[in-house]
Amino acid sequence: MWLPVLFLLLGVGLGLLTDITIPNQYSNYLSIAVLAAFDTLLGGIRAHLQQLFDAKVFVTGFFFNILLAAMLAFIGIQLGIDLYLAAVFAFGVRLFQNVAIIRRKIIEKKLNYKEN
Amino acid sequence: MRRSKFLISLVCLLTGIMVAIQFQSNQEPKQRDTRDLWEIRTQLQKEQKRQLELYQEIAETEEILQQYQDQSEQELVQTLNDTIQDLKQKVGLTEVVGSGVVINVLPMVDETNYLQTYPTVSPELLNRLINELNTYGATDIAIENERIIHTTPIRLVNGKTYVNNRPLPTGPLEIKVLTNNPERMLDHVQVSQSRDEFALEYLDLQTEISERIILPKYEGVVDFDRLHVQDNEQIEMGEN
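Residues numbered from 1 in each chain as written. Chains lettered and ligands numbered in written order. Predicted model: local features only at pLDDT ≥ 70, side-chain atom pairs only at ≥ 80, totals over all residues.

A. Highlighting the overall build of chain A. For chain A, the count of helices and strands is four helices and zero strands. Reading the secondary structure of chain A in the N-to-C direction produces α-α-α-α. A buried classification covers 28% of the 116 residues belonging to chain A. In chain A, the share of contacts with a sequence separation of at least 24, taken over all contacts with a separation of at least 6, comes to 68%. (Helix = DSSP H or I, 4+ residues; strand = E, 2+ residues; numbered from the N terminus. Buried ≥ 20, exposed ≤ 12 C-beta atoms within 10 Å, placed from the backbone. Contact = placed C-beta atoms within 7 Å.)

Shown next, in the form of structure tokens:
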């Protein structure tokens, strides 16, 4: 369980060290991509806890979600509608659901461990 | 199991990088102080001068306060009258005599232009000139015997320029400026931007130094309708 956290920190460190910034007009895309990534990540952890984890689903989900969100943002900008809000909303809701399920699973695990 | 952990870790890595980039992109660039030593020193000098002026002002005010507190009633009235006179002079309600610069606004004769009309001085031009004169250190200004005070309106009414609610004559204008250093003022006016702006309207500024200029007092009534005295308590409470 520590490996993902370690890698997350490693990623943050790498990102900060490389000193990459993106232009302001693209920050919308990146923000939504970050959201999609978080969503996929938490989904993956949830699936892992539920023993439903499938590597293919996970990896394809990660990239597909990011692409879809970015595309939605792009279309939104072209049409002058804040479509990226739809993605933000969807990901936000899923994020909360996933976190809730993860929390329950962890509590269950702990309780089972104690009872045993 | 190990593979899934590894995949999650990899996605974590990517997410981390994205978060870091997003974070960095959203950081506002800090305002950098690009002044060099000389500029900072000049700024410091300016502030110190201002501080000195403020101290002086405080000392003067305290002196007046002391006078009020120490004196008998008769003297008190005298001090009050002095203060009123002083304030009146500051505001421009008294005649003042001093050295300064007289600016004559004359039309430029353009010989190639047969249909030239007599140029008029627009309020904008006058405003700019007055602003410039004030920055050059004018203490008192009068335009065609109309004393300029803090609330003097200069505006266009029916195509005519009004100063202090009186129309300016169409002929050459005389602007009297009192200043502590007339020569410097003269030099300033001769290279001023207003000169160019007046020239665009076919107006020429002719300047001369005069040792004794009499400025008339402001003839109107200074309106205090919207001013009211604030109690000390109110000030302390921070109420308006």
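B. The arrangement of the sheet that holds strand S5 (residues 160-163) of chain B in detail. Residue and element names in this part refer to chain B. As summarised here, the arrangement of the three strands in space is S4-S5-S6, forming an open sheet in which the pairing is antiparallel. Only two strands of the sheet have a single partner each, and these edge strands are strand S4 (154-157) and strand S6 (166-167). Examined bridge by bridge, S4 and S5 share four bridges and lie antiparallel to one another. Counted as the bridge partner of Leu 156 is Thr 161 from S5. Each of S4 and S5 touches helix H4 (residues 123-135); the most contacted strand, S4, lies at about 175° to it. (Pairing = 2+ DSSP bridges. Axes fitted to C-alpha atoms, helices over the stretch in contact; angles between N-to-C directions.)

C. View of the pairing of strand S7 (residues 173-179) of chain B. All names here are of chain B. In terms of burial, S7 is a largely internal element, five of the seven residues being buried. Of the strand pairs in this sheet, strand S1 (residues 96-107) and S7 are connected by six bridges, and their pairing is antiparallel. Note that in S7 the partner of Val 105 across the bridge is Leu 173. As paired elements, strand S2 (residues 138-143) and S7 share five bridges and run antiparallel to each other. By the bridge assignment for S7, Asp 140 is matched with Leu 178.

D. Representation of the nonpolar core within the structure. Counting 29 residues, the largest nonpolar core has Ile32(A), Ala33(A), Ala36(A), Ala37(A), Ala69(A) and Met18(B) as the members making the most contacts within it. Among the secondary structure elements, those contributing two or more residues to this core are helix H1 (2-18), helix H2 (27-49), helix H3 (55-79) and helix H4 (84-115) of chain A together with helix H1 (2-26) of chain B. Tallying contributions element by element places H1(B) first for this core, with ten residues. With residues up to four places along the chain from it excluded, the contact list for Ile32(A) reads Ala69(A), Ala70(A), Ala73(A), Tyr84(A), Ala87(A) and Val88(A). In terms of nonpolar packing, the next biggest core, distinct from the first, is built from 26 residues, Leu133(B), Ala138(B), Ile141(B) and Ile143(B) among them. (Core = buried A, V, L, I, M, F, W, Y, C linked by C-beta atoms within 7 Å.)

E. Local environment of the sheet that holds S2(B). All names here are of chain B. The five strands are arranged S3-S2-S7-S1-S8 in an open sheet whose pairing can be described as antiparallel. One side of each edge strand has no neighbouring strand; the edge strands of this open sheet are strand S3 (146-148) and strand S8 (203-215). With strand direction ignored, the average angle separating the axes of adjacent strands in the sheet is 25°. Each of S1 and S8 touches helix H6 (residues 193-200); the most contacted strand, S8, lies at about 130° to it.

F. Fine view of the packing of H2(A) against H3(A). Residues and elements named next belong to chain A. Look at H2 against H3: their axes get within 8 Å of each other, and the N-to-C directions meet at 150°. By the criterion of interaxial angle, the relationship of H2 to H3 is roughly antiparallel. The crossing of H2 and H3 is right-handed. Between H2 and H3, the residues in contact are Asn 28, Tyr 29, Ile 32, Ala 33, Leu 35, Ala 36, Ala 37, Asp 39, Thr 40, Gly 43 and Gly 44 and Phe 58, Gly 61, Phe 62, Asn 65, Ile 66, Ala 69, Ala 70 and Ala 73, respectively. The residue inventory of the contact of H2 with H3, partitioned by class, reads twelve nonpolar, six polar and one charged. (Parallel < 35°, antiparallel > 145°, perpendicular 65-115°, else oblique. Left-handed = near helix turned anticlockwise from the far one by under 90°. Nonpolar A, V, L, I, M, F, W, Y, C, P; charged D, E, K, R; others polar.)

G. Region of interest: the packing of H1(A) against H1(B). Here H1(A) crosses H1(B) at 30°, and the two axes come no closer than 7 Å. Comparing the axis directions of H1(A) and H1(B) gives the class roughly parallel. At the point where H1(A) passes H1(B), the crossing takes the right-handed sense. When the residues that make up the contact of H1(A) with H1(B) are grouped by side-chain class, the tally is 18 nonpolar, six polar and one charged.

H. Representation of unusual backbone geometry in the model. With phi around 60°, Gln51(A) is a residue other than glycine that occupies positive phi space. Note that Gln51(A) resides in the loop between H2 and H3. Overall, Gln51(A) belongs to the exposed group, with 7 C-beta atoms counted inside 10 Å. Despite not being glycine, Asn164(B) shows a phi value in the positive range, around 50°. Summarising the element assignment, Asn164(B) is placed in the loop between S5 and S6.

I. Region of interest: the interface of chain B and chain A. Each side of the interface is counted separately: chain B has 22 residues, and chain A has 31 residues. For the side of chain B that touches chain A, the residue count by class is twelve nonpolar, eight polar and two charged.

By themselves, these are just geometric observations and shouldn't be taken as functional.
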